[in-house]
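One letter stands for each residue in the lines below.
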2 protein chains.
Amino acid sequence: MNENTTEPKYQKLVKQMKAYIQENMKTNQKILSEREIAQRLSISRYTVRKALDELEKKGYIYKVHGKGTFVSEKSVPTALNEIYSFTEQMEQLGKKPKMELLEFKVFIPNQELASKLHVATQDKVIKLKYLRTADDVPMMIEETYLPYSKFPTLTVDALSKNSLYSIMKTEFNQSIHVVSESMRASLISSNEAKLLKVEDGSPCLNVRRTSFNKLNEPIEFTSCIARGDQFVYNCKYIHQD
Amino acid sequence: MNENTTEPKYQKLVKQMKAYIQENMKTNQKILSEREIAQRLSISRYTVRKALDELEKKGYIYKVHGKGTFVSEKSVPTALNEIYSFTEQMEQLGKKPKMELLEFKVFIPNQELASKLHVATQDKVIKLKYLRTADDVPMMIEETYLPYSKFPTLTVDALSKNSLYSIMKTEFNQSIHVVSESMRASLISSNEAKLLKVEDGSPCLNVRRTSFNKLNEPIEFTSCIARGDQFVYNCKYIHQD
DNA sequence: CAGTGGTCTAGACCACGTT
DNA sequence: ACGTGGTCTAGACCACTGT
């Protein structure tokens, strides 16, 4: 899509090697050494290393000091270091995800919400409320709050065409850098029970997410209520020492 | 503790700069350019970049192409890219965490568990069961399963002195590379209700974690049952594109 | 000992943002 | 035009693993 910015050489190498590894190599098989790859492709070892670092970070390969670089097991690579999105998770289960916009409004927040979004209490906030379903079974209710000052021209029409995150990035130049999430179990309230078509007092999973841009300003707060009997929240990440 | 391996120059720089930033600099303040730092310390720019990359990854600073490197907000740095441990979370809340070993046994797993740990059904598995409390209030029950073949000499005595993860690393040379977690809400069973001192059918949060080593072999499977009214699971991570 | 990945140097050019 | 971070080169030595 966005081919006006030149792709670095090591990024091309990442794609090339990833495809080669997936098609031709087996788990724990040793791949060429950094020096060997650099020599064959007539590039510097630095570039090879950057590509291999990226492949390791994404879970395709692993390096062992003094021994070499090896292919990882197939199961791990997907969605590393990132909490899976609802859509991806449902697609993995072979279910058809949909989302329906229930509410779109601009309002003055209470103090709690204002402090979460780092805005003054007289500043406006956008609220989006979605019902997410999978194979037409209601799965979760999602309420997202955005500081109006950062997204003043956001429209329902734009949201129907692109995802919120892509709009944030392309239209408003706000991309997510750090995400903080919390999960808790509780009993569902009657309003939510009706929307999710479960009994009052059923167990539900409440996920709250605050997203920050590079300057560590909060640009989004979302609270999700998910059916306890249907929804499992998955995440995978590379452990750092 | 472990000073027999020489620390790389950039790691020292990381510590040095981190301390300097925390003591002397303010949020969004610009720091010296990579070239300037390199020149002043008479080291190469590569080393400075490695240090700055690490500080960015840990959330202390952020870089903007064409502009410079800046100090991040103070709130973010802790425990990035890592799901907080129970102990850290409780300490942040000012509560005193404790854990009590309820069970330690070696047994033959059922098929489900065996497949989770990638062992044959005739292979042995170690089970550890803990009750975690905070200020003497029961918070969660934790059941951990380990492949016996990888930790054959693990003892209760060792566990009373060091954490499981540090034992894994130092005694058995198994360090965690990738972690996969899932969270779900459900209603508590009567056995667990007794241990956690809540009513039957209270809401609870079930967290399941599988940890993998560098070879992507599973080395741990843990299932936690946490009180819904007390426990919130937090995680923070840097968003990758 | 040779071969591997990990660190480091001293340069170079490019892409981006500000002046 | 200038300074910044991002990429890249062609080397070097170190630390670790195997033979």
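About the thresholds
Residues numbered from 1 in each chain as written. Chains lettered and ligands numbered in written order. Predicted model: local features only at pLDDT ≥ 70, side-chain atom pairs only at ≥ 80, totals over all residues. Heavy atoms only, no water. Near = heavy atom within 4 Å. Polar contact = N/O pair within 3.5 Å; in protein donor to acceptor, adjacent residues only side chain to side chain. Helix = DSSP H or I, 4+ residues; strand = E, 2+ residues; numbered from the N terminus. Nonpolar A, V, L, I, M, F, W, Y, C, P; charged D, E, K, R; others polar. Buried < 20%, exposed > 50% of the residue type's maximum accessible area, 1.4 Å probe, protein only. Arc of directions from axis to C-beta. Contact = heavy atoms within 4.5 Å. Salt bridge = Lys/Arg side-chain N within 4 Å of Asp/Glu carboxyl O. Pairing = 2+ DSSP bridges. Core = buried A, V, L, I, M, F, W, Y, C linked by side-chain atoms within 4.5 Å. Axes fitted to C-alpha atoms, helices over the stretch in contact; angles between N-to-C directions. Parallel < 35°, antiparallel > 145°, perpendicular 65-115°, else oblique. Left-handed = near helix turned anticlockwise from the far one by under 90°. Domains from an automatic or database assignment.

A.B. asks: Give a detailed account of the protein's contact with DNA strand C, specifying residues and quantitative values.
C.D. replies: Among the 27 residues in the neighbourhood of DNA strand C, the closest are listed as A:Arg35, A:Arg45, A:Arg49, B:Lys9 and B:Thr47. Those atoms of DNA strand C that come within 4 Å of the protein belong to sugar or phosphate at a rate of 61%. B:Tyr10 is positioned with one of its side-chain polar atoms (N or O) 3.2 Å from a phosphate oxygen of DNA strand C. Between a base nitrogen of DNA strand C and a side-chain N or O atom of B:Arg45, the distance comes to 3.4 Å. Secondary-structure elements contributing two or more residues to the surface near DNA strand C are α2 (34-41), α3 (45-57), β2 (61-64) and β3 (68-71) of chain A together with α1 (9-24) and α3 (45-57) of chain B. Among the elements that line the surface near DNA strand C, the one with the most residues is α3(B), at four residues. Residue composition of the surface near DNA strand C, grouped by class: five nonpolar, 11 polar and 11 charged.

A.B. asks: Quick rundown of helix α7 (residues 164-172) of chain A? Include the residues and the values.
C.D. replies: Residue and element names in this part refer to chain A. Taken as a whole, α7 has its buried residues at Leu 164, Ile 167, Met 168 and Phe 172. Down the axis of α7, the smallest arc covering the buried residues is 105 degrees, so these residues share one side. Tucked into the core, α7 has its buried residues touching β6 (125-134), β7 (137-147), α6 (156-161) and β10 (218-227). Downstream of α7 by one or two residues, Asn 173 has phi in the positive range, about 55 degrees.

A.B. asks: Tell me about the environment of B:Val178, residues and numbers included.
C.D. replies: If you trace the backbone, B:Val178 turns up in strand β8 (residues 178-187). Measuring from C-alpha to C-alpha, the distance between B:Val178 and B:Leu55 comes to 21 Å, with 123 residues separating the pair along the chain.

A.B. asks: Tell me what's going on with the protein's contact with DNA strand D, and back it up with residues and numbers.
C.D. replies: In the vicinity of DNA strand D, 27 residues are found, and the nearest of them are A:Lys9, A:Thr47, B:Arg35, B:Arg45 and B:Arg49. Sugar plus phosphate, as a fraction of atoms of DNA strand D within 4 Å of the protein: 60%. A distance of 2.3 Å is found between a phosphate oxygen of DNA strand D and a backbone nitrogen or oxygen belonging to A:Lys9. Residue B:Arg49 places a side-chain N or O atom 2.8 Å away from a phosphate oxygen belonging to DNA strand D. Looking at the surface near DNA strand D, the elements with two or more residues in it are α1 (9-24) and α3 of chain A together with α2 (34-41), α3, β2 (61-64) and β3 (68-71) of chain B. Element by element, the count of residues in the surface near DNA strand D is highest for α3(A), at four residues. When its residues are assigned to classes, the surface near DNA strand D shows five nonpolar, 11 polar and 11 charged.

A.B. asks: Explain the pattern of salt bridges to me, using residue names and the numbers behind them.
C.D. replies: All names here are of chain A. Inspection of the entire model under this criterion finds 37 salt bridges over all chains. Between Glu 34 and Arg 45 there is a salt bridge, with the nearest N and O atoms lying 2.9 Å from each other. On the criterion of sequence distance, the pair formed by Glu 34 in helix α2 and Arg 45 in helix α3 is long-range, its members being 11 residues apart. Salt-bridge contacts for Lys 98 lead to Asp 136; the nearest nitrogen and oxygen are separated by 3.2 Å. Here Asp 136 lies in the loop between β6 and β7 and Lys 98 lies in strand β5 (residues 97-107), a separation of 38 residues in the sequence. Three or more residues joined by partner-sharing salt bridges are found here, namely Glu 34, Arg 45, Arg 49, Asp 53 and Lys 63.

A.B. asks: Any details on the sheet that holds β2(A)? Residues and values, ideally.
C.D. replies: Two modes of strand pairing occur in sheets, parallel and antiparallel, and in both the strands are linked by backbone hydrogen bonds. Residues and elements named next belong to chain A. The strand order β1-β3-β2 describes an open sheet built from three strands, whose pairing is antiparallel. Looking at which strands have only one partner, the edges of the open sheet turn out to be β1 (30-31) and β2. Two strands pair when backbone bridges link them, and β1 and β3 are joined in this way by two bridges, in the antiparallel orientation. Among the inter-strand pairings, Ile 31 is bridged to a residue of β3, identified as Thr 69.

A.B. asks: Report on the nonpolar core, specifying residues and quantitative values.
C.D. replies: Among the nonpolar cores identified, the biggest contains 28 residues, and A:Leu205, A:Phe231, B:Leu205 and B:Phe231 are the most heavily contacted of them. Residues within four places of B:Leu205 in sequence aside, it is in contact with A:Met183, A:Arg184, A:Ala185, A:Leu205, B:Arg184, B:Cys224, B:Ile225, B:Ala226, B:Phe231 and B:Tyr233.

A.B. asks: Tell me what's going on with the sheet that holds β3(B), and back it up with residues and numbers.
C.D. replies: Residue and element names in this part refer to chain B. Spatially, the three strands line up as an open sheet ordered β1-β3-β2, and their pairing is antiparallel. This sheet does not close on itself; its edge strands, each paired only once, are β1 (30-31) and β2. Contacts between α3 and the sheet are confined to β1 and β2, with β2 contributing the most and set at about 115 degrees to the helix.

A.B. asks: Explain the packing of α1(A) against α3(A) to me, using residue names and the numbers behind them.
C.D. replies: Residue and element names in this part refer to chain A. Remark: α1 packs on α3, axes separated minimally by 8 Å, with the N-to-C direction vectors making an angle of 55 degrees. Classed by the angle they form, the pair α1 and α3 counts as oblique. Remark: the crossing between α1 and α3 carries right-handed chirality. Of α3, the residues touching α1 (which contributes Lys 9, Tyr 10, Gln 11, Leu 13, Val 14, Met 17 and Lys 18) are Thr 47, Val 48, Lys 50, Ala 51, Leu 52, Glu 54 and Leu 55. Among the residues making up the contact of α1 with α3, the classes are represented as eight nonpolar, two polar and four charged.

A.B. asks: Break down the domain arrangement of chain A for me, citing the residues and quoting the values.
C.D. replies: What the domain assignment reports for chain A is domain 1 (9-71) and domain 2 (82-236). For domain 1 of chain A and domain 2 of chain A, the distance between their C-alpha centroids amounts to 38 Å.

A.B. asks: Please provide a residue-by-residue account of the environment of B:Gly94, values included.
C.D. replies: Secondary-structure assignment places B:Gly94 in the loop between α4 (86-92) and β5 (97-107). A sequence separation of 129 residues divides B:Gly94 from B:Ser223, and the C-alpha atoms of the two residues are 25 Å apart.

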